[in-house]
Amino acid sequence: MIFINFKAYREAFGRNALELAKIAENVADRSGIYIAVAVNYLDLPLIARNVSIDVFAQHVDAVEFGSFTGSVNAEMLKEYGARGSLINHSERRLTLADIDFCVNKLRALGMNSIVCTNNVSTTSAVSALKPDFVAVEPPELIGSGIAVSKAKPEIVENAVVSAKRICKDVKVLCGAGITNHEDYVRALDLGADGVLLASGIVKAKDQKKALEELAGLL
Ligand code: G3P
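Residue positions within a chain follow its written sequence, with the count starting from 1. For this predicted model, a pLDDT threshold of at least 70 governs which residues receive local features, and a threshold of 80 or more governs which side-chain atom pairs are given and counted, while totals over whole chains, interfaces and linings are taken from all residues. Derived side-chain values reflect all non-hydrogen atoms in the structure, with water molecules and hydrogen atoms excluded from consideration.

Engineer: I'd love a proper account of the sheet that holds strand β3 (residues 55-57), names of residues and values included.
Structural biologist: Note on pairing: two strands pair once DSSP finds at least 2 bridges between them. Strands are runs of DSSP state E lasting at least 2 residues, helices are runs of H or I lasting at least 4, and numbering of each runs from the N terminus. With parallel pairing, eight strands are arranged side by side around a closed barrel as β1-β2-β3-β4-β5-β6-β7-β8. On average, each strand axis in the sheet is inclined to that of its neighbour by 25 degrees, with strand direction left out of account. In the sheet, strand β5 (residues 112-117) pairs with strand β6 (residues 133-136) via four bridges, with the strands oriented parallel. What sits directly across from Ile114, in β6, is Phe133. Any two residues whose heavy atoms approach within 4.5 Å at even a single point are treated as in contact. In this analysis, axes come from line fits to C-alpha atoms, helices being fitted only over the stretch in contact, and the angle between any two N-to-C directions falls in the range 0 to 180 degrees. Relative to the sheet, helix α1 (residues 15-31) contacts β1 (2-5) and β2 (35-39), its axis offset from that of β2 by approximately 165 degrees.

Laid out in C-alpha cells, this is it:
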C-alpha cells in the first residue's frame, strides 16, 4: 500500500494536485498496488470526484457541527468524498483525547483513520484506540530523503510488533524519507503493510516516473 501525502506543497496544489492524483490512479491500475492520496481541503472535492482511488484528508478536527470557526469535521469530509483522514500528523499534532474522538467518529461514519506516530511507544499507545492504520514517522527523517526503512529499520520492526500485539487488525505504515522501490520493499520486508510518503514523489522532477519507479514498474 502506498499513501501519498500532498502536504501544502505547491507542486501538489490546485491543478497540480489533480494531475498528481491522476498519475497515482494510473500507476495503481498498472501496478495492482493500492495507492491513495491525502490532499488539502480545497482540492479534496474535485479530486474525489475525478479519480477512482481513495482520497484522504490530511487532518480532521475533533468537533461536531456547531460553533467551531475554521473547523472541518468528519461528516464534512464524508460529504465531499473523502475515504478517511490522516490524524495527528507530526506537522499537525492533536491531543490523545482528540485522536480518540476522530478515530471513533470516522469509524462510525464508515471511514478510515490513519493515525501518525513518532516512535514505538506512541505507536503502541495509539493502537489501543483501534484505528485502521498507524503510520510511524520519525520526524527527524521527514523530508530528508533518508528512508526510515533503511536508516531506522528497528523502529519499523518494533512498531509493527507492538502495534499488532495491541490490536491485531491494525495496519502499520511507515514513513519519512521513503523515495524509491528499494525503500518500499524494505518497509514491507520489515513487516509494514505499506508506506506514507510525500517529498519523494511530490518534489520529484518527474512525478510520474518517480511513482512508477516506487511501484516497481520501471
Ligand atoms: O506524511 C508523510 C511524511 O511526513 C513523510 O514525508 O517527505 O519524508 O516522505 P517525506
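Engineer: Let's hear about α1: which residues, and what values?
Structural biologist: To estimate how far a helix should extend, the number of its residues minus one is multiplied by 1.5 Å. When the terminal C-alpha atoms of α1 are compared, their 24 Å separation across 17 residues agrees well with the 24 Å that a helix rising 1.5 Å per residue should span. Accessibility here uses a 1.4 Å probe with only protein chains present; expressed as a share of the type maximum, an area under 20% marks a residue as buried, one over 50% as exposed, and anything in between as partly exposed. Within the sequence span of α1, burial applies to Ala17, Leu20, Ala21, Ile23, Ala24, Glu25, Val27 and Ala28. Looking at the packing, one finds that the buried side of α1 touches β1, β2, α2 (44-50), α9 (199-202) and α10 (207-214). Two residues or fewer after α1 comes Gly32, characterised by a positive phi angle close to 80 degrees.

Engineer: Which residues make up the packing of helix α5 (residues 120-127) against helix α7 (residues 153-166), and what values do they have?
Structural biologist: The geometry of α5 relative to α7 is characterised by a closest axis approach of 8 Å and an angle of 20 degrees between their N-to-C directions. Between α5 and α7, the interaxial angle falls into the category roughly parallel. In this structure, the crossing between α5 and α7 has a hand that is right-handed. From α5, Val120, Thr123, Ser124 and Ser127 reach across to α7, where they touch Ile155, Asn158, Ala159, Ser162, Ala163 and Ile166. Each residue belonging to the contact of α5 with α7 can be placed in one class, and the counts come to five nonpolar, five polar and no charged. Oblique is the label for any angle not under 35 degrees, not over 145, and not in the 65 to 115 range, which are roughly parallel, roughly antiparallel and roughly perpendicular in turn. A clockwise turn of the near helix away from the far one marks a right-handed crossing, whereas an anticlockwise turn of less than a right angle marks a left-handed crossing. Asp, Glu, Lys and Arg are counted as charged, while Ala, Val, Leu, Ile, Met, Phe, Trp, Tyr, Cys and Pro are counted as nonpolar; the rest, among them Gly, fall into the polar class.

Engineer: Describe the environment of Asn118, with residues and values.
Structural biologist: Structurally, Asn118 is set in the loop between β5 and α5. Judged by relative accessible area, which is 27%, Asn118 ranks as partly exposed. Distance in space between the C-alpha atoms of Asn118 and Pro138 is 4.8 Å, their sequence separation being 20 residues. Setting aside residues no more than four positions away along its own chain, Asn118 makes contact with Arg93, Val136, Glu137, Pro138 and Pro139. Side-chain polar atoms of Asn118 contact the side chain of Thr122, separated by 2.9 Å. As used in this structure description, the phrase polar contact means that two N or O atoms lie within 3.5 Å; if the pair is within protein, one of them must be able to donate a hydrogen and the other to accept it, and residues adjacent in sequence are counted only when both atoms belong to side chains.

Engineer: With reference to specific residues and values, describe the nonpolar core.
Structural biologist: Within the largest apolar cluster, 65 residues are counted, with the highest numbers of intra-cluster contacts made by Ile2, Ile4, Phe6 and Val37. Looking at which element gives the most residues to this core, the answer is α1, with seven residues. Discounting chain neighbours no more than four positions away, the residues touching Ile2 are Ile33, Tyr34, Ile35, Ala36, Tyr184, Val195, Leu197 and Leu214. Definition used in this section: a nonpolar core is a set of buried Ala, Val, Leu, Ile, Met, Phe, Trp, Tyr and Cys residues joined via side-chain atoms within 4.5 Å. Of all hydrophobic cores here, the second largest spans 11 residues; its members include Phe3, Cys116, Leu173 and Leu196.

So yeah, pure geometry; function would need other evidence.
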